[in-house]
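# Summary of structural features
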Amino acid sequence: MTKIETEEQYNWAVQRVEELFPIVDEDASPSDPYRIELELLGNMVADYEEQHYNIGEPSLADVIKLRMYEMGLTQVSVAKLLGVSPSRICDYLSGKSEPTLKIGRKICQRLNIDPAIVLGV
C-alpha cells in the first residue's frame, strides 16, 4: 500500500500505528523494520487526514473565545481590556462585525493573538 484510499484502510492504519508506538522508541535504529513501518504508516495517515479531515484556519471569533477561556475572561472583562463596549465584543464573537485596525492591534497585544488571524490573512 502506498496511499490510504478508503476509510477502512485508514482505520486499519491508525490501529497499526497505535500498536507500533509502544514498540518503537526514540533510540530505534533508522533501519529498524518497526520504525520504518511506523514512519511510513504515520505519513500515510497524516496525508489521508489532511485530505479528508482538514480542520482549516480558525476564525477570529473562535480564537478570541479560546483565549477568553484560557485567560478566564468574560465578555465584559474583554470589553474593558480592549476599551470597547460588551455589545461590540458580542458582535465580534457572533461575526456581525469585525474590529477596526486600532482594536485589532489591541487584540493582538492584550490577548496575544497572531496578527495574521486578526487580519484574516
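Throughout what follows, the structure given in this document is the object of discussion. None of these values were measured; they are calculated from a predicted model. Numbers given to residues run from 1 along each chain, matching the order in which its sequence is written. Totals for whole chains, interfaces and linings use every residue, but because this is a predicted model, local features are given only for residues with pLDDT of at least 70 and side-chain atom pairs only at 80 or more, for both listing and counting. Remark: hydrogens and water are excluded; side-chain values derive from all non-hydrogen atoms of the structure.

### Some details on the pattern of salt bridges
It is possible for side chains bearing opposite charge to pair when their charged atoms get close. We count a salt bridge whenever a side-chain nitrogen from Lys or Arg sits within 4 Å of a carboxyl oxygen from Asp or Glu. Per the counting criterion, the structure on display carries five salt bridges. Beyond isolated ion pairs, a larger network of salt bridges with shared partners links Arg16, Glu19 and Glu37.

### Digging into the environment of Gly95
Each helix corresponds to a stretch of at least 4 residues labelled H or I by DSSP, and each strand to a stretch of at least 2 residues labelled E; elements are numbered beginning at the N terminus. Position of Gly95 among the secondary structure elements: in the loop between helix H5 (86-94) and helix H6 (101-111). Of the residues examined, Gly95 reaches a relative accessible area of 57% and is grouped as exposed. It is 15 Å that separates the C-alpha atoms of Gly95 and Leu66, two residues lying 29 residues apart in sequence. Think of it in three bands: with a 1.4 Å probe and only protein chains considered, a residue is buried below 20% of the maximum accessible area for its type, exposed above 50%, and partly exposed in between.

### Re helix H2 (residues 33-52)
What a helix should span is 1.5 Å times the count of its residues minus one. Relative to the 28 Å expected for 20 residues at 1.5 Å per residue, H2 spans 28 Å between its end C-alpha atoms, a close match to the ideal helical length. In what follows, a contact means two residues having at least one pair of non-hydrogen atoms within 4.5 Å. Along its buried surface, H2 packs onto helix H1 (7-20). Polar contact criterion, stated in full: a pair of N or O atoms within 3.5 Å, where within protein one must be able to donate a hydrogen and the other to accept it, and residues adjacent in sequence count only if both atoms are side-chain atoms. Between the side-chain oxygen at the start of H2 and the backbone nitrogen of Tyr34 there is a gap of 2.7 Å, and the oxygen is on Asp32.

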